[in-house]
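Listed below, chain by chain, are the residues.
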Amino acid sequence: MGMVRTLSGIQPTGNLHIGNYLGALVNWVKLQEQYDAYFCVVDLHALTQRPDPEVLRSAVRELAIGVLASGVDPERSTLFVQSQVRQHAELAWIMMCLTPLGDLNRMTQFKDKSTQQPENINAGLFTYPVLQTADIALYRPEAVPVGEDQDQHLELARETIRRFNFTYGGDVFPEPKTVKSQAPRVMGLDGESKMSKSKNNEIGLFETDEETMKKLRGAKTDPARERRTDKGTPEVCNIYSYHGFFSTKEQRDEVAEGCRSASLGCVDCKKLLAQNMEAVKGPIRERAADLRSKPGQVDEILAAGAAKARKTAEETMVMVRERIGIAGGKA
Ligand code: TRP
Ligand code: SF4
């Protein structure tokens, strides 16, 4: 198959939320149509947060289930767990020896994480982007879809890959381009920061209709609408931005008009949103429940994905080991 290869990764931390869904998964489902796609659950990256082993194990499974339930098709894409392909850790070490300390020092995510977990600033947190570089390089993808918060890591990966090619001979790795996700960043329920587990402002992908409505009820709207009869400005309202993702053009126009003229109240506006979200979440939740009831099937999918990933990764490693003069190459 002459399809161009793509690779992306997602961390098994916490439950999937609609930010993950709109920002990454929707894009993955589309990409698998045109690309030879590799999708990796990056459990080695999650170790930087020192999760409880049982919690990690179940988070990896739940994430794989969520990715599959969202429409990533294991017949088309290669879905696998990072730790099932040992070559990631091996290439990460090699890439570490090619990465200047000064480059890692500039990484803003490291600085953010260090403030978030001041009690556990481990070396893995610092070298996190090098493992990410290895994830990418192993599969020699031409395109890497990530959100804009990963731009800096991608740039570092490109530089390191370039340095490898320059140092050891140019034809091992193509330079991976970033594929921007078309989805703008999804704000959290607080309307203040990006939706994320650590900010506790998320709408879970597996949440029921009622759970979502409960959260939406408390969510901020245009503060100018103190009373039901006050006119509002949809553009300043976070709820309206969600309509942008889940409602039809006609519905959005109606909402905007109703908000401006005060003919639509915020409660009804939120109900419509909850309904439209449920139309997306409902079927995903059902597919996830079905997969949860068939653990053997999920294991098989992940085992097959890992086998395929391992084959590609080992092909890369044979070339790499040979070039750099360590055991396990062809020479
Ligand atoms: N660091 C990425 C994130 O937090 C996840 C990731 C790990 C990744 N390895 C990758 C993304 C390789 C793209 C390619 O979103
Ligand atoms: Fe926001 Fe809708 Fe209320 Fe307008 S009607 S302020 S868009 S929730």
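Enquirer: Describe the nonpolar core, with residues and values.
Expert: A general trend in soluble globular proteins is that nonpolar side chains are found buried together. Counting 49 residues, the largest nonpolar core has I203, I239 and Y242 as the members making the most contacts within it. Considering each element in turn, this core owes the most residues, 8 residues, to helix 3 (residues 53-69). Counting only domains with at least three residues in this core, you end up with domain 1 (5-186 + 295-324) and domain 2 (209-289). Apart from residues no more than four positions distant in its own chain, I203 is found in contact with H17, I18, L189, M195, T212, K215, L216, Y242 and M277. L7, L91, M95 and V320 belong to the second largest nonpolar core, which has 37 residues in total.

Enquirer: How would you sum up the environment of G66? Please name residues and give values.
Expert: With respect to the helices, strands and loops of the structure, G66 is situated in helix 3. With a relative accessible area of 0%, G66 lands in the buried category. For G66, the residues in contact, after removing those within four places along its chain, are L16, L25 and F206.

Enquirer: Hey, could you go over the packing of helix 3 against helix 13 (residues 295-324) for me, with residue numbers and the actual values?
Expert: At their nearest, the axes of helix 3 and helix 13 sit 11 Å apart, and the two run at 85° to each other. Here helix 13 runs roughly perpendicular to helix 3, going by the angle between their axes. Taking contact as the criterion, the partners of R61, A64, I65 and L68 in helix 3 are, on helix 13, P295, V298, D299, I301 and L302. Here the residues of the contact of helix 3 with helix 13 sort into 7 nonpolar, no polar and 2 charged.

Enquirer: Could you give me a rundown of the site of ligand 2, with the residues and numbers involved?
Expert: Lining the immediate environment of ligand 2, one finds T221, D222, R225, C237, I239, Y240, C259, C266 and C269. The set of elements that each furnish at least two residues to the shell around ligand 2 consists of helix 10 (238-246) and helix 12 (266-292). Looking at side-chain class alone, the shell around ligand 2 contains 6 nonpolar, 1 polar and 2 charged residues.

Enquirer: Outline the side chain of Q87, listing residues and values.
Expert: Its place among the elements puts Q87 in helix 4 (residues 87-96). When near neighbours in sequence (up to four residues on either side) are disregarded, Q87 contacts L138, R310, A313, E314, M317 and R321.

Enquirer: For the pattern of salt bridges, give the residues involved together with the corresponding values.
Expert: Across all of its chains, the model carries 21 salt bridges by this definition. Among the ionic pairs, E192 bridges to K220, the shortest N-O distance being 3.0 Å. Of this pair, E192 sits in the loop between strand 5 (177-180) and helix 9 (209-217) while K220 sits in the loop between helix 9 and helix 10, placing them 28 residues apart in sequence. Neither residue differs from the other here; E192 and K220 are each classed as exposed. When salt bridges that share partners are traced, they join E90, E314 and R321 into one network.

Enquirer: Any details on the site of ligand 1? Residues and values, ideally.
Expert: Taken together, the neighbourhood of ligand 1 is formed by L7, S8, G9, V42, H45, Y128, Q132, D135, I136, V144, V146 and Q150. Between ligand 1 and the protein, one listed contact pairs a nitrogen atom with a side-chain N or O atom of Y128 at 2.8 Å. At a separation of 2.7 Å, a nitrogen atom of ligand 1 approaches a polar side-chain atom of D135. Contributions of two or more residues to the shell around ligand 1 are made by strand 1 (5-10), helix 7 (123-139) and strand 4 (143-146). If you tally residues by element for the shell around ligand 1, the top one is helix 7, at 4 residues. Broken down by class, the residue content of the shell around ligand 1 amounts to 6 nonpolar, 5 polar and 1 charged.

Enquirer: Can you lay out unusual backbone geometry for me, pointing to particular residues and giving the numbers?
Expert: Of note in this structure, R50 is not a glycine but carries a positive phi near 45°. Within the secondary structure, R50 is located in the loop between helix 2 (43-46) and helix 3. Backbone geometry at N200 places phi at a positive 55°, although glycine is not the residue there. Mapped onto the fold, N200 is located in the loop between strand 5 and helix 9.

Enquirer: Which residues make up the domain arrangement of the chain, and what are the values?
Expert: When the parts come together, some accessible area is lost, and that loss is often what is quoted as the size of the interface. When the domains of the chain are assigned, the result is domain 1 (5-186 + 295-324) and domain 2 (209-289). Computed from C-alpha coordinates alone, the two centres of domain 1 and domain 2 are separated by 34 Å. Counting residues at the interface gives 8 residues for domain 1 and 8 residues for domain 2. Approximately 740 Å² of surface area, both sides summed, lies buried where domain 1 meets domain 2, with 84% of it carried by carbon and sulfur atoms. At the junction of domain 1 and domain 2, the tally comes to 0 salt bridges. Taken together, domain 1 and domain 2 are joined by 1 residue pair in polar contact (both at pLDDT 80 or more). Elements that contribute at least two residues to the side of domain 1 that touches domain 2 include exactly helix 1 (18-34) and helix 3. The element that contributes the greatest number of residues to the side of domain 1 that touches domain 2 is helix 1, accounting for 3 residues. Residues that form the side of domain 1 that touches domain 2 fall into these classes: 7 nonpolar, 1 polar and no charged.

Analysis parameters
Residues numbered from 1 in each chain as written. Chains lettered and ligands numbered in written order. Predicted model: local features only at pLDDT ≥ 70, side-chain atom pairs only at ≥ 80, totals over all residues. Heavy atoms only, no water. Core = buried A, V, L, I, M, F, W, Y, C linked by side-chain atoms within 4.5 Å. Buried < 20%, exposed > 50% of the residue type's maximum accessible area, 1.4 Å probe, protein only. Helix = DSSP H or I, 4+ residues; strand = E, 2+ residues; numbered from the N terminus. Domains from an automatic or database assignment. Contact = heavy atoms within 4.5 Å. Axes fitted to C-alpha atoms, helices over the stretch in contact; angles between N-to-C directions. Parallel < 35°, antiparallel > 145°, perpendicular 65-115°, else oblique. Nonpolar A, V, L, I, M, F, W, Y, C, P; charged D, E, K, R; others polar. Near = heavy atom within 4 Å. Salt bridge = Lys/Arg side-chain N within 4 Å of Asp/Glu carboxyl O. Polar contact = N/O pair within 3.5 Å; in protein donor to acceptor, adjacent residues only side chain to side chain. Buried area = accessible area lost by both parts, 1.4 Å probe.

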